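Topology and contacts: notes
For reference, the chains in residue letters:
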Amino acid sequence: MQHKTSPARRRLGLAAIALGAAAAVAPGLLLAQDWPARPVKLIVPFPAGGSTDAVGRLLAAELSKELGQSVVVENKGGANGNIGSDVVAKAEPDGYTLLLSGVGSNAISYSLYQNMPYRDSDFAHISLLATGPNVLVANMDFPATNFADFIKLVRANPGKYTHASSGNGSSGHLAMEMLKQAAKIDLVHVPYKGGAAAITDMIGGRVSVMFLNQDTLLPQVKSGKLRALAVASAKRNPAYPDTPTVAESGYPGFAAESWFGLSAPAKTPPAIIQRLNQATVKALASPDIRQKLESVGFVVVGNDPKAFSAFVQSEIAKWGGAVKASGARMD
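This text gives an overview of the structure that appears in the document. (Residues numbered from 1 in each chain as written. Predicted model: local features only at pLDDT ≥ 70, side-chain atom pairs only at ≥ 80, totals over all residues. Heavy atoms only, no water.)

For the rest of this paragraph, the subject is the overall build of the chain. The helix and strand tally for the chain stands at 11 helices and 10 strands. In terms of overall dimensions, the chain has a C-alpha envelope of 100 × 45 × 35 Å along the principal axes. Counting all 331 residues of the chain, 50% fall into the buried class. Intrachain contacts of the chain at a sequence separation of at least 6 include 78% that bridge at least 24 residues. Within the structure as shown, the chain displays about 15,200 Å² of accessible surface, and the carbon and sulfur contribution to it stands at 56%. (Helix = DSSP H or I, 4+ residues; strand = E, 2+ residues; numbered from the N terminus. Buried < 20%, exposed > 50% of the residue type's maximum accessible area, 1.4 Å probe, protein only. Contact = heavy atoms within 4.5 Å. Areas by Shrake-Rupley, 256 points an atom, 1.4 Å probe, with all protein chains shown as cover.)

As structure tokens, then:
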């Protein structure tokens, strides 16, 4: 004999099911609703004082205002940004540990290093912050004074001229490798331990040309110590208005830019990622951030997680090709 369930009992049963379902999702929802309840840590995977650190501190100050909690920068340098990036890749995905991601540790390193401790899938990308082109500069005694003459000169003298870089596998090194492939030119690579030493030897005439980040080179170009031949962005850079792009100079599509982004550990709740994205885009609209970044040639972006993730994938593929062409390898 089948027993009928009373309406009251049915209502109790449905209520129990609903409570059970709520309990299953409650931790994530509650975390997102309460976040941030304490200070947020922003890992900058390079030492204090460089471009990445400067961008991180500008962003942290504005995000603190937007989120109502302190965003504290913590520098964890080493291995081209890989050490600090690995810390975030393995951090609790609760929105309290973020990464100032970039072209080195989040694009170039995947093909440059033989044993990477993390993968791109270990991150949830939040927003692209800003981009800045590599700039091709020459010492003031170099025979060619513009990009077209540079190409003619080095093509006619394979192996005669040198190009400096801030290190094997740096974006400047790989930018030149891409240009060498595109223009069929041959220069001898002279790697340095950092951009400062390379610039010193460039000014002294000990090396011929170099690709390096636009903000680092700007003082030397403005003071007439180095000559800018071309910028490696799709459009001309506002800080170098009279310097043509490589793309417009006969190599359409050529681009070699450094970039900075904001990323979190994978599996960070989508609601927190969305909140961070909104706060980041708003922070980047701050006149203070825009003025400071644009004054040294950065192009401020601010986009959504989907667009930034797609951008990272395209960068991994592009720089991977450059690493393969260069033969560069790091342990």
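We now examine the environment of Gly169. Looking at the element boundaries, Gly169 is found in the loop between strand E5 (162-165) and helix H6 (171-183). Gly169 sits in the buried class, given a relative accessible area of 2%. Here the alpha-carbon distance between Gly169 and Tyr96, two residues 73 residues apart in the chain, equals 31 Å.

This part is about the packing of helix H2 (residues 51-67) against helix H10 (residues 287-294). It is at 10 Å that the axes of H2 and H10 come closest, and there the two elements cross at 170°. Taken together, H2 and H10 sit at an angle that is classed as roughly antiparallel. Between H2 and H10, the contacting residues are Val55, Leu58, Leu59 and Glu62 on the first element and Asp288, Ile289, Lys292 and Leu293 on the second. In terms of residue class, the contact of H2 with H10 is built from 5 nonpolar, no polar and 3 charged. (Axes fitted to C-alpha atoms, helices over the stretch in contact; angles between N-to-C directions. Parallel < 35°, antiparallel > 145°, perpendicular 65-115°, else oblique. Nonpolar A, V, L, I, M, F, W, Y, C, P; charged D, E, K, R; others polar.)

Now for the nonpolar core. Counting residues in hydrophobic clusters, the biggest one holds 40 residues, and the most contacted among them are Phe142, Phe147, Phe150, Leu179 and Trp319. The set of elements that each furnish at least two residues to this core consists of helix H4 (103-112), strand E4 (123-139), helix H5 (147-156), H6, strand E7 (209-213), strand E8 (226-231) and helix H11 (305-326). Here this core gets 6 residues from one element, more than from any other, and that element is H6. If sequence neighbours within four positions are ignored, Phe150 has contacts with Leu136, Phe142, Ala144, Leu179, Ile185, Leu187, Val209 and Leu229. (Core = buried A, V, L, I, M, F, W, Y, C linked by side-chain atoms within 4.5 Å.)

Another aspect to go through is the pairing of E4. Regular strands show a simple pattern: their side chains alternate between the two faces of the sheet. Among the 17 residues of E4, 17 are classified as buried, and the element is accordingly described as predominantly covered. As paired strands, E4 and strand E9 (residues 257-265) are joined by 9 bridges and run antiparallel to one another. For Ser127, the partnering residue across the bridge sits in E9 and is Leu262. For E4 and E7, the ladder comprises 5 bridges, and the chain directions are antiparallel. Bridging from a neighbouring strand, Asn134 pairs with Asn213 of E7. Where E4 meets E8, 5 bridges bridge the pair, whose relative direction is antiparallel. (Pairing = 2+ DSSP bridges.)

It is worth spelling out helix H9 (residues 270-284) at this point. Taking 1.5 Å of rise per residue, 15 residues should cover 21 Å, and H9 covers 21 Å from first to last C-alpha, within 8% of that figure. Taken residue by residue, H9 has Ile272, Ile273, Leu276, Asn277, Ala279, Thr280, Ala283 and Leu284 as its buried positions. (Expected span 1.5 Å × (residues − 1).)

Space inside the largest pocket adds up to approximately 870 Å³. For the largest pocket, the lining is made up of 37 residues, of which Phe46, Asn80, Ser166, Ser170 and Asn213 are closest to its centre. Contributing elements (two or more residues each) for the lining of the largest pocket: H2, strand E3 (97-102), H4, H6, helix H7 (195-203), E7 and E9. A total of 5 residues in the lining of the largest pocket trace back to one element, the largest contributor, which is H4. (1 Å grid on protein atoms, 1.4 Å probe; cavity = no way out; pocket = protein on both sides within 12 Å on 5 of 7 lines; lining within 4 Å. Points joined across faces, edges and corners; volume = space filled by probe spheres on them.)

Time to look at the packing of aromatic side chains. This structure, assessed with the given rule, holds 10 aromatic pairs. Ring centres of Trp259 and Phe308 lie 5.9 Å apart, and the angle between their planes is 85°; this geometry places the pair in the edge-to-face category. Taken together, the residues Trp259 in strand E9 and Phe308 in helix H11 connect sequence positions 49 residues apart. Residue classification places Trp259 among the buried positions, given a relative accessible area of 2%. Looking at Phe308, the relative accessible area reads 0%, which means it is buried. What links up through ring pairs into an aromatic cluster is the set Phe142, Phe147, Phe150, Tyr161 and Tyr251. Directly above the ring of Tyr96 sits Arg38, whose terminal nitrogen or CZ lies 3.7 Å from the centroid. (Phe/Tyr/Trp six-rings, centres within 6.5 Å; stacked < 30°, edge-to-face > 60°. Lys NZ or Arg CZ within 6 Å of the ring centre and 35° of its normal.)

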